[in-house]
Amino acid sequence: MEGLDIILARHKPSPKKNDPDLDVAPPSQVSSVQWFNSKSTKKIPLSSVTSIIDGLKRLYIEKLKPLEVSYRFNDFVSPLLTNSDFDAKPMVMLLGQYSTGKTTFIKHLLRTSYPGAHIGPEPTTDRFVVVMSGPDERSIPGNTIAVQADMPYSGLTSFGTAFLSKFECSQMPHPLLEHITFVDTPGVLSGEKQRTQRSYDFTGVTSCDEFKRVIGALRGHDDKIRVVLNKADQIDTQQLMRVYGALMWSLGKVLNTPEVMRVYIGSFNDKPVNEAASGPIGKELFEKEQDDLLSDLKDIPKKACDRRINEFVKRARAAKIHAYIISHLKKEMPSMMGKAKAQQRLIDNLEDVFLKSISGEVLGGYNFDKFEKLKPKMIQAVDDMLGYDIPDLLKNFRNPYE
Ligand SMILES: Nc1nc2c(ncn2[C@@H]2O[C@H](COP(=O)(O)OP(=O)(O)OP(=O)(O)O)[C@@H](O)[C@H]2O)c(=O)[nH]1
Ligand SMILES: [Mg+2]
């Protein structure tokens, strides 16, 4: 059967430079004076932009980041973006109860085990493993990977060291991993008793008992979820129909969506399907389902590119609103006396003022008087970016996977 790596190889984008810092000038090389004086009419020469993602990086550094820095968007809303946030490959996370075949599924797609993979009938994977492309085969412990600036995992430190000691990055050179990063996870436990054994908050990390909560945490991301009914080779057609029906029914209840989820039925280990056990339709059905699932996976890099543009635009709008709010607070401050009182009054009336997005507690730690006034030129630069630069970028560069 044709593997995903072969399908993807046909859609390979143009090769990229290895050093992420060489992609665009790092922030330190772009003079801050230039940021603050950014002329709204100044257009970014598109000829120097090699792809949509590089274009977004450049727009971020030249137009959006100055606004975020000025109004401390990073303190209040979301950390500043780094190259790794733009370059990170789309991730596929495998979730499921233990021994359902998550690690086997990754092995099947890669056609080889990843470094440190364990497969077995008992709970085997005891940690979160990011399986990504790298120059040679090695495993990097979670604490180390979380502090690497060129990796997009620094946010995971908020889950504590207990989690980081159960987090690992497994690297290997592989054509498929050049497009997609996989995240293998420990089997989700069912039952209260088992949950207390964890030294960290599993459902918090993955964003049943435990299993039910995990599915609940995925609500709102329905478009990203794919359900696989695995090990279907172990039962006959009649049993399979019952299991399939029951699964659809409970999925509908848990996810609470009117649409029916697409459930892929199959067997994703490398042993030949036992036709005597799975009945006459087994093998052919599994092959067709696998083909569908593979072409669905093949679309991920393309969708991820579109999604990144979407997220970028959303972020730019949020940063603008944030700038208005912060500069409004600054404007309300008296120029001479009674600053502390005025600040307290503003915090007390926060909800009247219009914002629930920033909590008074967080704001209390700041001196409003030090906030920046509204800088119309900076806002204009972001407006231009949204109105001209991004549409230009989309016109000039196609999604590399299309
Ligand atoms: N019959 C059959 N067995 C499978 C299939 N996939 C996996 N297995 C077997 O199921 C067992 C568990 O597989 P794993 O890949 O370790 O399962 P896992 O979900 O990673 O388990 P944990 O890491 O413990 O959560 C192994 O003995 C596999 O050989 C399948 O499609 N069909
Ligand atoms: Mg496993």
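What counts, and at which threshold
Note on numbering: residues in each chain are counted from 1, in written sequence order. Written order decides the labels, with chains lettered from A and ligands numbered from 1. This being a predicted model, a pLDDT of at least 70 is required before a residue's local features are given, and a value of 80 or more before pairs of side-chain atoms are given or counted; all residues contribute to the totals for chains, interfaces and linings. Processing note: side-chain calculations cover all non-hydrogen atoms of the structure and skip hydrogens and water entirely. When a carboxyl oxygen of Asp or Glu is within 4 Å of a side-chain nitrogen of Lys or Arg, the pair counts as a salt bridge. A run of H or I in DSSP counts as a helix once it spans at least four residues, and a run of E counts as a strand once it spans at least two, with each numbered from the N terminus. For every residue, the accessible area obtained with a 1.4 Å probe (protein chains only) is divided by the maximum for its type, and the residue is called buried under 20%, exposed over 50%, and partly exposed between those limits. Pairing between two strands requires that DSSP report at least two bridges joining them. Lines fitted to C-alpha atoms define the axes, with helix axes restricted to the stretch in contact, and inter-axis angles between N-to-C directions lie between 0 and 180 degrees. Throughout, a residue-residue contact means that at least one pair of heavy atoms, one from each residue, lies within 4.5 Å. In this scheme, a helix's expected span is set at 1.5 Å multiplied by one less than its residue total. Polar contacts, as used here, are pairs of N or O atoms within 3.5 Å; protein pairs need one atom able to donate a hydrogen and one able to accept it. Residues neighboring in sequence count only if both atoms are side-chain atoms. Distances decide who is a donor: an N, O or S atom must be within 2.8 Å of the metal, or within 3.2 Å for Na, K and Ca. Water is not included, so sites may look incomplete. Any residue with a non-hydrogen atom lying within 4 Å of a molecule or strand is treated as near it. Throughout, the Shrake-Rupley method with a 1.4 Å probe supplies accessible areas, and for residues the shown protein chains are the sole cover considered. Asp, Glu, Lys and Arg are counted as charged, while Ala, Val, Leu, Ile, Met, Phe, Trp, Tyr, Cys and Pro are counted as nonpolar; the rest, among them Gly, fall into the polar class. Residue types Ala, Val, Leu, Ile, Met, Phe, Trp, Tyr and Cys, when buried and joined through side-chain atoms within 4.5 Å, form a set referred to as a nonpolar core. A pair of Phe, Tyr and Trp rings is counted when the ring centres sit within 6.5 Å of each other, with Trp represented by its six-membered ring. The angle between the planes then sorts it: under 30 degrees is stacked, over 60 is edge-to-face, the rest tilted.

Trainee: Summarise the pattern of salt bridges; cite the residues concerned and give the values.
Mentor: For the structure shown, the criterion picks out 14 salt bridges. Across the salt bridge formed by aspartate 126 and lysine 166, the nearest N and O atoms sit 3.5 Å from each other. Here aspartate 126 is found in the loop between helix 7 (102-110) and strand 2 (128-133), whereas its partner lysine 166 is found in the loop between helix 9 (160-164) and strand 4 (167-172), with 40 residues between them in sequence. Using a relative accessible area of 38% as the deciding quantity, one classes aspartate 126 as partly exposed. For lysine 166, a relative accessible area of 26% translates into the label partly exposed. Residues joined by salt bridges that share partners form a network here, namely Asp126, Arg127, Lys166 and Glu168.

Trainee: Break down the pairing of strand 5 (residues 181-184) for me, citing the residues and quoting the values.
Mentor: Judged by which residues are buried, strand 5 turns out to be covered on both faces: Thr181 and Val183 on one side and Phe182 and Asp184 on the other are all buried. As paired elements, strand 1 (residues 91-93) and strand 5 share 3 bridges and run parallel to each other. Directly across from methionine 93, in strand 5, lies its bridge partner valine 183. Here strand 2 pairs with strand 5 via 3 bridges, running antiparallel. Residue pairing across strands places valine 130 opposite valine 183, the latter belonging to strand 5.

Trainee: Could you give an account of the sheet that holds strand 2, naming the residues involved and the relevant values?
Mentor: Through backbone hydrogen bonds, the strands of a sheet pair up, either in parallel or in antiparallel fashion. Overall, mixed pairing links the 5 strands, which are arranged 1-5-2-4-3 in an open sheet. The open sheet is flanked by strand 1 and strand 3 (138-141), the only strands paired with a single partner. Strand-to-strand twist across the sheet, computed as the mean angle between neighbouring axes with direction ignored, equals 20 degrees. Sitting on the sheet, helix 7 is in contact with strand 2, strand 4 and strand 5, with an inclination near 155 degrees to strand 5.

Trainee: Please set out helix 13 (residues 237-255) residue by residue, giving values where relevant.
Mentor: With 19 residues, helix 13 ought to run about 27 Å at 1.5 Å a step, and its terminal C-alpha atoms sit 26 Å apart, in line with that. Between a side-chain oxygen at the N-terminus of helix 13 and the backbone nitrogen of glutamine 238 the separation is 3.2 Å; the capping residue is aspartate 236. Looking one or two residues past helix 13, asparagine 256 carries a phi angle of roughly 60 degrees, positive in sign.

Trainee: Requested: an account of the coordination of the magnesium ion (ligand 2), with residues and values cited.
Mentor: Around the magnesium ion (ligand 2), the protein supplies Thr103 (OG1) and Thr125 (OG1) as donor atoms, at distances of 2.0 Å. One end of the pair, threonine 103, is in helix 7; the other, threonine 125, is in the loop between helix 7 and strand 2, with 22 residues separating them in the sequence. Summarising the burial analysis for this pair, threonine 103 and threonine 125 share the class buried.

Trainee: Help me get a handle on the site of ligand 1, residues and values and all.
Mentor: By nearness alone, 23 residues border ligand 1, and Lys102, Thr103, Thr104, Thr124 and Thr125 come closest of all. Threonine 104 places a side-chain nitrogen or oxygen 2.4 Å from an oxygen atom of ligand 1. Within the contact set of ligand 1, an oxygen atom lies 2.7 Å away from a backbone nitrogen or oxygen of threonine 124. Within the complex, 91% of the 660 Å² of free accessible area of ligand 1 lies under protein. Taken together, the residues that form the shell around ligand 1 break down as 5 nonpolar, 13 polar and 5 charged.

Trainee: Break down the nonpolar core for me, citing the residues and quoting the values.
Mentor: The nonpolar side chains of a soluble globular protein tend to be buried with one another. Among the nonpolar cores identified, the biggest contains 34 residues, and Leu56, Leu64, Leu67, Phe312, Met385 and Ile390 are the most heavily contacted of them. Going through the elements one at a time, helix 4 (52-70), helix 5 (73-76), helix 16 (300-331), helix 17 (339-348) and helix 20 (376-396) are the ones with two or more residues in this core. The element best represented in this core is helix 16, accounting for 8 residues. In contact with isoleucine 390, other than residues within four places in its own chain, are Leu56, Leu59, Ile309, Phe312, Val313 and Met385. The next biggest cluster of nonpolar side chains, apart from the first, holds 19 residues, and it includes Ile106, Val131, Leu176 and Tyr264.

Trainee: Got a sec to walk through helix 4? Specific residues and values, please.
Mentor: Between its first and last C-alpha, helix 4 extends 26 Å over 19 residues, near the 27 Å set by a 1.5 Å rise per residue. When you tally the buried positions in helix 4, you get 17 out of 19 residues, the bulk of the element.

Trainee: Go over the packing of aromatic side chains with me, naming the residues and quoting the values.
Mentor: On inspection of all chains with the given rule, the structure shows 8 aromatic pairs. Plain terms: the ring middles of tyrosine 60 and phenylalanine 312 are 6.4 Å apart, the flat faces sit at 70 degrees to each other, and that makes the pair edge-to-face. Joined through ring pairs, the aromatic side chains of Phe128, Tyr153, Phe159, Phe163 and Phe167 make up one cluster.

Trainee: Explain unusual backbone geometry to me, using residue names and the numbers behind them.
Mentor: Excluding glycine, most residues fall at negative phi; most peptide bonds, likewise, are trans. The backbone of arginine 72 shows a phi angle near 50 degrees, a positive value even though the residue is not glycine. Under the relative-accessibility criterion, arginine 72 is labelled partly exposed at 28%. Look at lysine 231: it is not a glycine, yet its phi comes out positive at around 55 degrees. In this structure, lysine 231 sits in the loop between strand 6 (227-229) and helix 13. Its relative accessible area of 35% is what places lysine 231 among the partly exposed residues.

Everything listed here is a matter of coordinates, which is why it stays silent on function.
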